[in-house]
Every structure is written in C-alpha cells, then in structure tokens.
Amino acid sequence: MADHDAPPRAYFGVLISVLMVVTGSLNTIAAKWADSIKVDGKLFDHPFLQATCMFIGEFSCLIVFFIIYYFKRRRYNQRHRVGEAGASHEIDSVELDDEVSEPPQLPQFNPFVFLPPACCDVIGTSLMYIGLNLTQASSFQMLRGAVIIFTGLLSVAFLNSKLKGYKWLGMGFVTLGLVVVGLTDILFSDKKTMDVNAVITGDLLIIMAQIIVAIQMVYEQKYLEKYDVPALFAVGLEGLFGMTILSILMVPMYFIYVPDTFSTNPLHRLEDVIYAFKEMAQQPQIVVALMGTVVSIAFFNFAGVSVTKYLSATSRMVLDSVRTLIIWAVSIPLFGEHFHTLQLLGFGLLILGMFVYNDLIVGPFVRSKVLPRMGDRSCTPFCLSFWGIDLDTDIEHQRLAEDVDDLDDPDV
C-alpha cells in the first residue's frame with residue numbers, strides 16, 4: 001500500500017512547491033504591475049487599496065477552511081448515521097483513524113486574540129506597499145529578509161530566547177546583504193526616471209515594515225502557540241480583521257493630504273478610493289493586476305501551509321529564496337530593472353544569512369565534518385557552543401562521537 005501511496009504524495013509535494021513559488025512570485029509582480037500602469041500620465045498609486053486586496057485574499061482562506069470543515073462534517077455524518085438500531089457505517093468508507101472516529105470540531109477560542117497581529121499586519125503590509133511604489137520589485141523582495149534580524153532581536157528581548165552563535169552570524173550576513181542591496185539602489189538607480197530620495201525612503205519603509213512583521217511573529221509565538229488553531233483558519237481571521245480595519249480607515253484617509261512623494265493622486269490624498277475606481281474604469285488592466293494579488297495571495301497561503309505540513313518549514317524557506325530569484329529575473333525585462341553584479345552579491349549574502357540562521361546546510365556540515373576534526377584545541381569549546389552543541393548533554397556527546405567515528409572510518 002505504501003508503494004502505491006508514495007508517488008502521489010511525491011507528486012503532491014512537487015505540485016505545492018511549484019504552486020508556492022509561482023503564486024508567491026505573482027503576488028509581488030502583480031502588485032508592481034499595478035503600480036506601473038499609467039492613467040492620464042500618472043502611475044496607479046494606491047498602496048492601501050492594494051493592501052486591502054491582499055487581506056481579501058487572506059480572508060478567502062477562511063472561506064476555504066469552512067468549506068473543508070463542512071465537507072469533513074458531512075462525510076463524518078454519512079459514515080456515522082444514527083438510526084433506531086444505533087449507529088450504522090458505510091461499509092466502503094470505514095477508517096480506523098481519529099479523523100473519522102471523532103466529529104470535526106471548530107477551534108474553541110476567542111477570535112479577537114488575532115486582532116493585535118492583524119493590526120501589525122495592516123501597518124506592515126501598508127508600509128511595504130508604499131515602499132514598493134517607491135523602489136524596485138527585486139529590492140522589495142530582498143529587503144524583506146530583514147525580518148530575520150528583528151525577529152531574532154525581539155525574541156531575545158521579549159521571549160527570553162538565547163540565540164546560539166550561528167544565529168547571530170546569520171543575522172550579520174543578512175545585515176551585510178541589506179546594506180549591499182540598499183547601496184545598489186542608491187548608486188545605480190536611474191537618475192532620469194527615479195527620484196533617489198524616494199528610492200531611499202521606499203527601502204527604509206520596507207525595512208521598517210519588517211520590524212512590525214517581527215513584532216507580529218513574536219506575538220503569535222508567545223500568545224497564539226497555546227491555541228491549536230489550523231493555519232488556514234488563522235490566516236483567514238487575520239485577513240478578515242485586516243480587511244475590516246483598512247476598509248474603515250480608508251474613510252479618514254480620504255481627507256488626509258500628504259506630500260507628492262507618497263501620493264501622485266490629483267489632490268494628494270493619503271488614499272483616494274474614488275479616484276482609484278475611476279482609474280480602473282479607464283484602465284481595466286489595473287483590475288486584472290489587483291485580482292492577481294487577491295488570487296495569488298490566497299493560493300500562496302494555501303501552498304505555504306501545505307509545504308510546511310507535508311514537507312517542512314525548511315523547504316518553505318528554501319522555496320521562498322527561489323521566489324526572490326524569480327521576481328528579480330522577471331522584473332528586469334518586465335519593469336525595466338537593470339542587472340547589477342553588486343545586487344547579486346547582496347542577494348547571495350541574504351541567502352547565506354538565511355541558511356546560516358535557519359541552520360541549513362552550513363551548520364550541519366560544520367557540525368558533522370569540521371568540528372569532529374578539531375580535537376582538544378583551546379578554541380574547541382567555543383566553536384562547539386557557537387555552532388549549537390551543548391556537551392553537557394549525553395546526546396550531543398554521542399552525536400559528536402559518532403561523527404568522529406564516521407570520519408575515522410575509510411568506508412564513509
């Protein structure tokens with residue numbers, strides 16, 4: 001039975017991986033495409049409306065969750081029909097698992113515990129879309145890597161976490177990568193078509209947004225882990241709250257006037273939804289781009305949850321790195337971005353930092369191939385602690401001994 005089940009599961013893993021990369025890339029590309037469409041000589045500039053579209057996409061995950069719940073509940077009722085003689089089961093669908101033996105239940109918790117992270121999501125997403133209006137799509141995606149730095153720092157400050165040395169090293173590589181990407185934007189931006197100050201502002205706003213995202217992640221880790229909430233349900237709730245909050249806030253935003261750096265609308269309102277709908281009527285491509293944002297974010301969240309569940313969180317991070325590379329490659333011909341070797345260096349440093357921080361490839365290689373060869377040198381205890389080996393535990397002693405034996409074995 002396992003042999004027959006393995007190929008479909010493998011195909012499903014490939015399918016959701018491709019779906020995550022494609023829809024994740026389309027999300028940023030669709031948003032930048034909307035920003036690049038001109039109406040009456042002016043670019044479409046409505047970051048808060050775009051953020052609302054993103055939350056609508058997240059809210060659709062809640063709809064999907066309830067559809068799945070309904071079908072599971074219906075299937076359970078069909079398999080556990082109760083008549084005068086007691087419960088009867090459909091013979092061809094009896095399964096001995098918890099999913100069938102117990103009726104599906106909705107999570108029991110106060111949904112407003114998701115309100116604070118939703119507020120963080122509103123602020124962070126809005127800042128990122130403003131930044132995307134001012135800078136390049138590739139830089140936007142790369143600068144989002146700053147979330148690792150702020151998440152690490154906030155987890156130390158508020159969760160009393162103790163980060164191993166390799167995590168600080170990873171954060172250092174990410175910082176260097178961010179500096180290189182930022183310098184590339186400043187040094188090589190097209191002075192004729194782009195305002196350098198606006199580009200710097202956009203990059204800074206994206207980095208500031210990562211602070212808000214990190215606060216959201218730390219809050220979720222501290223307060224929401226105790227609730228057994230399905231990922232689709234959690235994403236859908238945050239989408240519902242975010243969509244509601246932004247829809248309400250767009251009313252006062254209509255009466256707030258800002259400098260032309262942050263709004264190219266005729267009256268420079270912070271958000272002019274009425275004018276946005278007029279632009280959509282004149283340029284239907286904008287509607288297509290916004291719908292692309294809604295659909296892509298919905299499928300991206302579904303694919304991301306599935307990758308984490310059926311593959312691993314590590315696979316999700318690697319695929320996210322591939323997504324950054326694709327966005328960069330597509331943005332060059334589509335949005336007129338230019339390839340710069342320095343930006344490639346920045347991307348490399350960011351990816352290296354993410355891999356080191358998340359203990360992928362580099363850490364396992366050092367622990368299995370390098371540390372066992374160090375012997376009893378004076379720096380050995382520091383190196384062991386730096387790379388996350390605690391020799392106070394028997395398990396780590398055993399692992400290190402096995403690695404040394406493997407190195408001494410000529411057949412390995």
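Residues numbered from 1 in each chain as written. Predicted model: local features only at pLDDT ≥ 70, side-chain atom pairs only at ≥ 80, totals over all residues. Heavy atoms only, no water.

A. Main features of a nonpolar patch on the surface. Taken together, the side chains of Val-179, Leu-183, Ile-186, Leu-187 and Phe-188 present a nonpolar region at the surface, about 430 Å² in accessible area. Inspection of the secondary structure assignment puts Leu-183 in helix α7 (residues 165–188). Assessed through its relative accessible area of 41%, Leu-183 is described here as partly exposed. (Patch = residues over 30% accessible without salt bridge, like charges linked within 9 Å, V, L, I, M, F, W, Y side chains within 5 Å. Areas by Shrake-Rupley, 256 points an atom, 1.4 Å probe, with all protein chains shown as cover. Salt bridge = Lys/Arg side-chain N within 4 Å of Asp/Glu carboxyl O. Helix = DSSP H or I, 4+ residues; strand = E, 2+ residues; numbered from the N terminus. Buried < 20%, exposed > 50% of the residue type's maximum accessible area, 1.4 Å probe, protein only.)

B. Up close: the pattern of salt bridges. Taken as a whole and judged by the stated rule, the model has three salt bridges. Between Arg-269 and Asp-272 there is a salt bridge whose closest N-O contact spans 3.6 Å. Both residues of the pair, Arg-269 and Asp-272, belong to the buried class. The salt bridge involving Asp-320 is made with Arg-323; its shortest N-O contact spans 2.6 Å. Taken together, the residues span about one helical turn, with Asp-320 and Arg-323 both in helix α12 (residues 313–334) at a distance of three residues.

C. Highlighting the packing of α7 against helix α13 (residues 341–357). α13 packs onto α7 with a crossing angle of 160° between their chain directions and a minimal axis gap of 7 Å. One way to sum up the angle between α7 and α13 is to call them roughly antiparallel. Note on packing geometry: the crossing formed by α7 with α13 is left-handed. Classifying every residue of the contact of α7 with α13 by side-chain character gives 18 nonpolar, six polar and one charged. (Axes fitted to C-alpha atoms, helices over the stretch in contact; angles between N-to-C directions. Parallel < 35°, antiparallel > 145°, perpendicular 65-115°, else oblique. Left-handed = near helix turned anticlockwise from the far one by under 90°. Nonpolar A, V, L, I, M, F, W, Y, C, P; charged D, E, K, R; others polar.)

D. Region of interest: the environment of Phe-65. Tracing the chain through its elements places Phe-65 in helix α2 (residues 47–79). Under the relative-accessibility criterion, Phe-65 is labelled buried at 11%.

E. Just the side chain of Glu-58, in detail. With respect to the secondary-structure elements, Glu-58 resides in helix α2. In this structure Glu-58 is buried but unpaired, with Arg-144 as the nearest side chain of opposite charge at 8.5 Å. (Lys, Arg positive; Asp, Glu negative; His and termini not counted.)

F. Highlighting unusual backbone geometry. The backbone phi angle of Asp-40 is positive, close to 55°, even though this residue is not glycine. Along the chain, Asp-40 falls in the loop between β1 (38–39) and β2 (42–43). What makes Asp-40 exposed here is its relative accessible area of 62%. In the Ramachandran plot, Asp-359 falls in the positive-phi region, its phi being about 60° despite a non-glycine side chain. Relative to the assigned elements, Asp-359 resides in the loop between α13 and α14 (362–370). A relative accessible area of 22% means that Asp-359 is categorised as partly exposed.

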